[in-house]
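Close look at the chain arrangement
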Amino acid sequence: MENKIKETISKYNMLSKGDTVVVGLSGGADSCALIHFLSSVKDDFSLTLIACHVNHMIRGDEADRDEEFSRNLAIELGAEFRLLKINVPQEAEKRHESIEKTARDIRYDFFEKTAEQYNAKIATAHTASDNVETVLFNLARGSGIKGLCGIPPVRGRIIRPLITVERDEIEKYCRKNELNYVTDSTNLTDEYSRNKLRHKVVPVLKEINPAIEKTITRMTENLICNVKHLDSSAEKLIKSASESSPDDNLYKADILYRADEAVFSRVIAILLEPFGVIPEAVHIALVRDICTRSGAVQIKGNIFAVSKQGYLRIIEKSGSITQDNISVPFLQGNGVVINNKKISLEKYSLTEINKAENCPEKNIKIMFNNRADYDTIDNEAVFRYRSEGDRFRLPGRGFSKSLKKLFNEMKIPAERRNRILVLASGHDIIWIEGIGFSEGYLAGKKTNCFLRINITDLSNKGE
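Cut-offs used in this document
- Residues numbered from 1 in each chain as written.
- Predicted model: local features only at pLDDT ≥ 70, side-chain atom pairs only at ≥ 80, totals over all residues.
- Heavy atoms only, no water.
- Helix = DSSP H or I, 4+ residues; strand = E, 2+ residues; numbered from the N terminus.
- Buried < 20%, exposed > 50% of the residue type's maximum accessible area, 1.4 Å probe, protein only.
- Contact = heavy atoms within 4.5 Å.
- Areas by Shrake-Rupley, 256 points an atom, 1.4 Å probe, with all protein chains shown as cover.
- Pairing = 2+ DSSP bridges.
- Axes fitted to C-alpha atoms, helices over the stretch in contact; angles between N-to-C directions.
- Parallel < 35°, antiparallel > 145°, perpendicular 65-115°, else oblique.
- Nonpolar A, V, L, I, M, F, W, Y, C, P; charged D, E, K, R; others polar.
- Salt bridge = Lys/Arg side-chain N within 4 Å of Asp/Glu carboxyl O.
- Core = buried A, V, L, I, M, F, W, Y, C linked by side-chain atoms within 4.5 Å.
- Phe/Tyr/Trp six-rings, centres within 6.5 Å; stacked < 30°, edge-to-face > 60°.
- Lys NZ or Arg CZ within 6 Å of the ring centre and 35° of its normal.
- Expected span 1.5 Å × (residues − 1).
- Arc of directions from axis to C-beta.

This paragraph deals with the overall build of the protein. A count of helices and strands for the protein gives 18 helices and 21 strands. Counting over 463 residues, the protein shows a buried share of 45%. A sequence separation of at least 24 residues applies to 68% of the contacts in the protein between residues at least 6 apart. For the protein, the computed accessible surface area is about 24100 Å², with 48% contributed by carbon and sulfur atoms.

Take a look at the structure:
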């Protein structure tokens, strides 16, 4: 195993003479093997080791035991010991995130801050077995090629010397070197997704292929090479699309649109990286579509892709997304995504409707209630959220009422009201999401062009 680690360190140029290395030390077998190995080659590289341990305060006395064990091991191996003790469950509740994600973010933040203080590298104890679980987890979530690359051996200042080592090899190393370690009891349960993969999926895969770790390691290495080539092509395309642009955040939409689909996907992913957003396939498809016309796609939160006058740009709208900063022209609304809701505009003639739906005469009234007369809608109308002064005419009532009163009568929860899309001309509401069209805009027997507005919720659609 030692030779395998040395080969990995050499292959990815992980260590240099005189490096200071922050080592993530949980007290488990993997991290104990890592710091023990680094200690064994400390003189060869003139390393300074700093062991960083996080007590997540999740497992009570067991967590305190792990903290004490890690401190003693660090001292024994001649490493400085740094501790962060934080109540992760409480912090997760504050952040409205899972305990798993909060714990990971806190760990890496602690490692990064310590590394900055010492101008150090960060060594984590991820193994080939962890890589298998990551690849399977990303596959199950519907990840793209980047996710299937698994855990990178090197990312920025983070190095992973054990990334080609399997868990069985770690345990043998610990036995050979009489190296004690602790076991996190949460790793024995199936409460977390990765544990389910480790305990139930990986054993089945090993029955099919006992060398599954080696196989997936080779696959990820090949994919990483492919991604590098793809990234190179994407960067060249970005440069080409921006060369004649008036500023740095504008890209010629037609140049991007003509690109191969795989390269286009990487371009959008690269453009979104500064915003901390990983696009889903549905969003990439929508962005590609607006490259042929004017339009906007909400990627996530306040991050939008906007195509206008032949240029594509990525923007971040300040503040929360409210009726004050969302306004999509009616004629540009088809295919636009707002708050993970895709707007679709469907236009039909009466002949087309009857042919498509085989609609008998007795259902004409129902059909009219679900569609508008397209020719009555002002081209200056916009999709937005409700605004003070908005009024809506319920079909058959003969009078209008404020949206506030309407939503009260319909008992729509207050927290949902500012997220209901409307189509409006000034304060005259033409259409309300989930309610329909206003009187005066509904289709009738003299209608030549029928309009139906569909809303598709994309929030549960993965890549």
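Within strand E1 (residues 20-24), 5 of the 5 residues are buried, which leaves it mostly tucked inside the rest of the structure. Neither face of E1 is left uncovered, since the one carrying Thr20, Val22 and Gly24 and the one carrying Val21 and Val23 both have all their residues buried. Pairing of E1 with strand E2 (residues 48-55) involves 5 bridges; the strand directions are parallel. The residue of E2 that forms the bridge with Val22 is Ile50. Judged from the 3 bridges that link them, E1 and strand E4 (residues 121-123) form a sheet pairing that is parallel.

On to the packing of helix H13 (residues 261-272) against helix H14 (residues 281-290). With their axes 10 Å apart at the nearest point, H13 and H14 run at an angle of 100° to one another. Our classification of the angle between H13 and H14 gives roughly perpendicular. Contacts between H13 and H14 involve Glu261, Phe264, Ser265 and Ile268 from the former and Ile284, Val287 and Arg288 from the latter. Here the residues of the contact of H13 with H14 are counted per class, giving 4 nonpolar, 1 polar and 2 charged.

Moving on, we come to the pattern of salt bridges. As enumerated under the stated definition, the model contains 25 salt bridges in all. Between Arg65 and Asp66 there is a salt bridge; the shortest N-O distance is 2.7 Å. For Arg65, a relative accessible area of 38% puts it in the partly exposed group. Residue Lys113 is joined to Asp109 by a salt bridge in which the shortest nitrogen-to-oxygen separation is 3.2 Å.

With that settled, consider the sheet that holds E1. With mixed pairing, 6 strands are arranged side by side in an open sheet as E3-E2-E1-E4-E6-E5. At either end of the open sheet lies a strand with only one pairing partner, and these are strand E3 (80-85) and strand E5 (154-155).

The next thing to look at is the nonpolar core. Ranked by size, the top nonpolar core spans 32 residues in total, and within it Leu15, Val21, Ile35 and Leu38 carry the most contacts. Sorting the residues of this core by element identifies helix H1 (2-11), E1, helix H2 (29-40), E2, helix H4 (61-76) and helix H9 (167-176) as the ones contributing at least two each. Top contributing element to this core by residue count: H2, with 7 residues. Aside from chain neighbours lying at most four places away, what touches Leu15 is Ile9, Val21, Leu38, Phe45, Leu47, Lys121 and Ile159.

Looking now at the packing of helix H11 (residues 212-242) against H13. It is at 8 Å that the axes of H11 and H13 come closest, and there the two elements cross at 75°. Taken together, the axes of H11 and H13 are roughly perpendicular relative to one another. Together, Leu230, Asp231, Ser233, Ala234, Glu235, Leu237 and Ile238 of H11 and Ala262, Val263, Arg266, Val267, Ile270 and Leu271 of H13 make up the contact between the two elements. Grouping the constituent residues of the contact of H11 with H13 by class yields 9 nonpolar, 1 polar and 3 charged.

Once that is clear, we can look at the packing of aromatic side chains. Where two aromatic rings form a pair, the distance of their centres and the angle of their planes describe that pair. According to the stated counting rule, one finds 5 aromatic pairs in the structure shown. Taking 6.0 Å as the distance between ring centres and 70° as the angle between the ring planes, the aromatic pair formed by Tyr108 and Phe111 counts as edge-to-face. Residue Tyr108 and its partner Phe111 are located together in helix H6 (residues 99-118), separated by 3 residues, close to a single helical turn. For Tyr108, a relative accessible area of 11% translates into the label buried. Among the aromatic side chains, those forming a connected cluster through ring pairs are Phe330, Tyr374, Phe383 and Trp431. Taking NZ or CZ as reference, Arg288 lies 4.9 Å from the ring centre of Phe264, over its face. Over the ring of Tyr385 we find Arg419; its NZ or CZ atom is 5.7 Å from the centre of that ring.

On to H2. Taking 1.5 Å of rise per residue, the 12 residues of H2 would be expected to cover 16 Å, and the 16 Å separating its terminal C-alpha atoms lies within 8% of that figure. Turning to H2, its buried residues number three or more, namely Ala29, Asp30, Ser31, Cys32, Ala33, Leu34, Ile35, His36, Phe37, Leu38 and Ser39.

Moving on to H1. Along H1, the residues classified as buried are Ile5, Thr8 and Ile9. For H1, the angular spread of the buried residues around the axis is 100°, confining them to a single face. Of the exposed residues in H1, those oriented more than 90 degrees away from the buried face are Asn3, Glu7, Ser10 and Lys11. Packed against the buried residues of H1 are H2 and helix H3 (42-45). Asn13 occupies a position one or two residues after H1 and carries a positive phi of about 50°.

All right, on to the environment of Val297 then. Of note, Val297 is situated in strand E8 (residues 295-300). Linking Val297 and Gly333, residues 36 residues apart in sequence, is a C-alpha distance of 9.9 Å. Setting aside anything within four residues of it in sequence, one finds Val297 in contact with His283, Leu286, Val287, Ile290, Ile303, Phe304, Ala305 and Val337.

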